[in-house]
Amino acid sequence: MLLLRFGEFILKGKNRSRFEKTVFRHVKEMVKPYTRVVLSKEFGRIYVELNGEPAGELTNALKNVFGIASISPVKVSASEFEDILSVSRTFLNILAPAAGTTFKVSARRVWKDFPYGSIEMNKLIATPLLQGYPGLLVDVKSPQLEMKIEIREGHTYIFCENIAGVGGFPLGTNGKAMLLLSGGIDSPVAGWSSMRRGLEVECVHFYSYPYTSELARQKVVDLTRVLSRYAGVIKLHLVPFTEVQTSFTGIGQDNLIITLMRRAMLRIATTLAEREGALALVTGDSLGQVASQTLPSMNVIGRATDLPLLRPLVMMDKSEIVGLSQSIGTYDLSILPYEDCCTLFVPKSPTTNPNLRIIDKIEATLPGYQALLEAAVAGTETVSITPYGGEEPSKVVPAQTEIQEEWF
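Every value quoted in this text rests on a predicted model; they were computed, and no experiment measured them.

**Student:** Explain the packing of helix α8 (residues 257-276) against helix α12 (residues 356-365) to me, using residue names and the numbers behind them.
**Tutor:** As a packed pair, α8 and α12 sit with axes 11 Å apart at the nearest point and diverge in direction by 70 degrees. Here α12 runs roughly perpendicular to α8, going by the angle between their axes. Relative to α12, the crossing made by α8 is right-handed. Facing T259, L260, R263 and R267 of α8, the residues of α12 in contact are L356, I359, D360, I362 and E363.

Following this line, the structure appears as structure tokens:
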């Protein structure tokens, strides 16, 4: 079987039971394709009885479940000395350690009625194992191979490996947020980081057809699909942004286009969030990385919404973000050379210190600006992205597309 241990939420007191149930439901969904698997749960852990199902495949899937801190493939024996010794021998034969491998047995007697104490069991198990493998060397401080034996009343669990899980909080236990998902490296990492902290995420992508291609759209669908492997089904809202974006190009304020564009995106995402019951917006901003991510720019851009604006990557440098994108599986998609709307109409010298008063005046006098935002919301297409399947159109409640005229 596989032994799954819970992460930091075990410290959450009265909420712990709710968090454990959420993780259990997520694990149950992940193992559905493996029909012979049997799940059980006890304080602080989940047991996955394999019954012949592939341990490697299941481990790779389950280590991505948010809230799981570590996984151990285990052998199970009855809580009787002879059976524990027999299964330990079998386990060591499977591992087949090379001559010269340093070795240690670490027994833990959870069931206090077991006749031998933990230290005594270390010697009673290690001695015959070492006799059967004379090439093993004892090292009690930092062995290369440590056989752990956990003796409980019902069963004894024998394992040697702790495989790290993603940890964090169970998915959705801290509410829902809307992720502004571009085709770049940063925003998918921000989405993953948000989900790891217990947020359910819906993605919002802005496209500018015909300036952006169908390949750019597919790239975002594929990025969402990678994220869905950590979360199950994820909604993707595809917002037509061409009219809004081009409305900024003829006003003689080219250096402010990025600021105006980002503020428009936040306004539209805020309306979608209110429709979907999301309580925050998430972006991939990293302080100082580009002109729109200086502190003055983030201040002016962020004032376009009353919702909390979460920036999980704000203090990370690019190498850290790239490393995370590689580990979660989004990097190779993110670097595909398909333009998104964020790379269009970029001025040669975008401002790094926009003036809020000037921005307010431009937006207030831009012809039909309110109607353009409402049309973008009304034209939004919503699809549900599944981990391995296609796109499924979502049933969307008709949007309340009115965006407040009084923004500040």
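**Student:** Account for a nonpolar patch on the surface, with residues named and values stated.
**Tutor:** Nonpolar side chains collect at one region of the surface, where L287, L295 and M315 lie side by side and expose about 350 Å² of accessible area between them. Here M315 shows up in the loop between β15 (309-310) and α10 (318-328). By relative accessible area, which is 68% here, M315 ends up exposed.

**Student:** Break down helix α3 (residues 81-95) for me, with residues and values.
**Tutor:** For α3, spanning 15 residues, the distance from its first C-alpha to its last is 21 Å, which sits close to the expected 21 Å at 1.5 Å a residue. Of all the residues in α3, the buried ones are F81, I84, L85, V87, S88, F91 and L92. Structurally, α3 contributes buried residues whose contacts are with β4 (68-73), β5 (75-77), β6 (102-109), α4 (118-132), β8 (145-151) and β9 (156-159). Positive phi appears at A96, one or two residues downstream of α3, with a value of about 45 degrees.

**Student:** So, the sheet that holds β6: which residues are in play, and what are the values?
**Tutor:** Across a sheet, paired strands are connected by hydrogen bonds in the backbone, their directions being either parallel or antiparallel. Across the sheet, which stays open at both edges, the five strands sit in the order β5-β9-β8-β6-β7 with mixed pairing between neighbours. At either end of the open sheet lies a strand with only one pairing partner, and these are β5 and β7 (137-138). Bridge analysis of β6 against β8 gives seven bridges, and the strand direction is parallel. From the neighbouring strand, R109 faces β8, where its bridge partner is I151. Packed onto the sheet, α3 meets β5, β6, β8 and β9 and runs at close to 150 degrees relative to β8. Sheet contacts for α4: β6, β7 and β8; angle to β6, the most-contacted strand, approximately 145 degrees.

**Student:** Explain the side chain of S325 to me, and be specific about the residues and the numbers.
**Tutor:** Relative to the helices and strands, S325 resides in helix α10. S325 sits in the buried class, given a relative accessible area of 0%. Separated by 2.7 Å, the side chain of S325 and the backbone oxygen of V322 make a polar contact. Residues in contact with S325, not counting those within four places in the same chain, are I185, V189, T330 and Y331.

**Student:** Please give an account of the environment of E339 that cites residues and values.
**Tutor:** Looking at where E339 falls in the secondary structure, it is placed in the loop between α11 (331-334) and α12. Measuring from C-alpha to C-alpha, the distance between E339 and N255 comes to 20 Å, with 84 residues separating the pair along the chain.

Reading guide: rules and limits
- Residues numbered from 1 in each chain as written.
- Predicted model: local features only at pLDDT ≥ 70, side-chain atom pairs only at ≥ 80, totals over all residues.
- Heavy atoms only, no water.
- Axes fitted to C-alpha atoms, helices over the stretch in contact; angles between N-to-C directions.
- Helix = DSSP H or I, 4+ residues; strand = E, 2+ residues; numbered from the N terminus.
- Parallel < 35°, antiparallel > 145°, perpendicular 65-115°, else oblique.
- Left-handed = near helix turned anticlockwise from the far one by under 90°.
- Contact = heavy atoms within 4.5 Å.
- Patch = residues over 30% accessible without salt bridge, like charges linked within 9 Å, V, L, I, M, F, W, Y side chains within 5 Å.
- Areas by Shrake-Rupley, 256 points an atom, 1.4 Å probe, with all protein chains shown as cover.
- Salt bridge = Lys/Arg side-chain N within 4 Å of Asp/Glu carboxyl O.
- Buried < 20%, exposed > 50% of the residue type's maximum accessible area, 1.4 Å probe, protein only.
- Expected span 1.5 Å × (residues − 1).
- Pairing = 2+ DSSP bridges.
- Polar contact = N/O pair within 3.5 Å; in protein donor to acceptor, adjacent residues only side chain to side chain.

Functional significance is not addressed by these values, which are geometric in nature.
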